[in-house]
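Residue-level structure breakdown
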Amino acid sequence: FERKRISLLLKNGSDSWIITKGAFEEVIKICTKAETAEGQEVEIQTLSETLQKLYEESSNKGFRTIGLAYRKDAQISSIKPQDEQQMIFLGVLLFADAPKEHIAEDIAKLKESGVDLKILTGDNKLMAMHLAEILKIPKESILTGEEIQKTNSDALIQQIKDKAIFAEIEPN
């Protein structure tokens, strides 16, 4: 989970491909090229702005955005994390997992009953902000895993009391 991506090696006769999927930001980091809809390879920088915009717009709409990349490499027989380089960005998978229809009302009832809701998610901050909007939770009430890592213990205790959504949380 530390790398937020996973790769596998596919073989067909003498052909081998490394296929990588994972968090958009982590997959895009290992790519030097991108494949267009027409099947042409272009330098990743030529599409960086467009891809970042797609990622942000999709996340802001509540989609989980998974990046996909590949590299053909006939010489490789096993795969290691350091093999995840000079990849070709292929695209994204978008997953919708909307909260149940009346969840905001249910959360309000819990709050009236004295129950304080805390949400821990591995989803990115943009997706968490979308969720906060649906659940009627202030967007300022989000803390990311990176922010947690940078916070000292005393301050973190206060943050845990003040925040409702903890995004980009890793299980380790």
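Everything discussed here concerns the structure shown above.
The structure reproduced in this document is the subject of the present report. (Residues numbered from 1 in each chain as written. Predicted model: local features only at pLDDT ≥ 70, side-chain atom pairs only at ≥ 80, totals over all residues. Heavy atoms only, no water.)

**Points about the overall build of the protein chain**
Scanning the protein chain from terminus to terminus reveals six helices and nine strands. In terms of overall size, the protein chain is more extended than a compact globule, its C-alpha atoms giving a radius of gyration of 19 Å where 172 residues would be expected to give roughly 16 Å. Judged by the C-alpha coordinates and their principal axes, the protein chain covers about 65 × 35 × 30 Å. The buried share among the 172 residues of the protein chain stands at 31%. Within the protein chain, counting contacts between residues at least 6 apart in sequence, those at least 24 apart form 63% of the total. (Helix = DSSP H or I, 4+ residues; strand = E, 2+ residues; numbered from the N terminus. Rg over C-alpha atoms; globule rule 2.2 N^0.38 Å. Buried < 20%, exposed > 50% of the residue type's maximum accessible area, 1.4 Å probe, protein only. Contact = heavy atoms within 4.5 Å.)

**Brief notes about the sheet that holds strand β7 (residues 119-120)**
Spatial ordering of the open sheet is given by β7-β9-β8, a layout of three strands whose pairing is parallel. The open sheet has two free edges, formed respectively by β7 and β8 (142-144), since each of these has just one partner strand. Pairing geometry for β7 and strand β9 (residues 165-167), over two bridges, is parallel. Along β9, the bridge assignment pairs Leu120 with Phe166. This element, helix α4 (residues 125-135), spans β7, β8 and β9 of the sheet and lies at about 160° to β8. (Pairing = 2+ DSSP bridges. Axes fitted to C-alpha atoms, helices over the stretch in contact; angles between N-to-C directions.)

**Concerning the nonpolar core**
Core analysis: the biggest nonpolar cluster contains 13 residues, and Cys31, Ile44, Met87 and Phe89 have the highest contact counts within it. Breaking this core down by element, the ones donating at least two residues are α1 (24-29), β3 (31-35), α2 (48-60) and β6 (87-96). Beyond its immediate sequence surroundings of up to four residues, Phe89 is in contact with Phe24, Val27, Ile28, Cys31, Lys33, Ala34, Glu35, Ile44, Leu51, Gly67, Leu68 and Ala69. In terms of nonpolar packing, the next biggest core, distinct from the first, is built from 10 residues, Ile119, Ala132, Leu135 and Ile165 among them. (Core = buried A, V, L, I, M, F, W, Y, C linked by side-chain atoms within 4.5 Å.)

**Re the packing of aromatic side chains**
Applying the stated criterion across every chain, the model contains two aromatic pairs. Between Phe24 and Tyr55, the aromatic rings sit 4.6 Å apart at their centres with planes inclined by 10°, giving stacked as the arrangement. A residue pair is termed long-range when its members are at least 10 positions apart, and Phe24 in helix α1 and Tyr55 in helix α2 qualify at 31 residues. With respect to class, Phe24 is no different from Tyr55; both count as buried. Between Phe24 and Phe89, the aromatic rings sit 5.9 Å apart at their centres with planes inclined by 85°, giving edge-to-face as the arrangement. (Phe/Tyr/Trp six-rings, centres within 6.5 Å; stacked < 30°, edge-to-face > 60°.)

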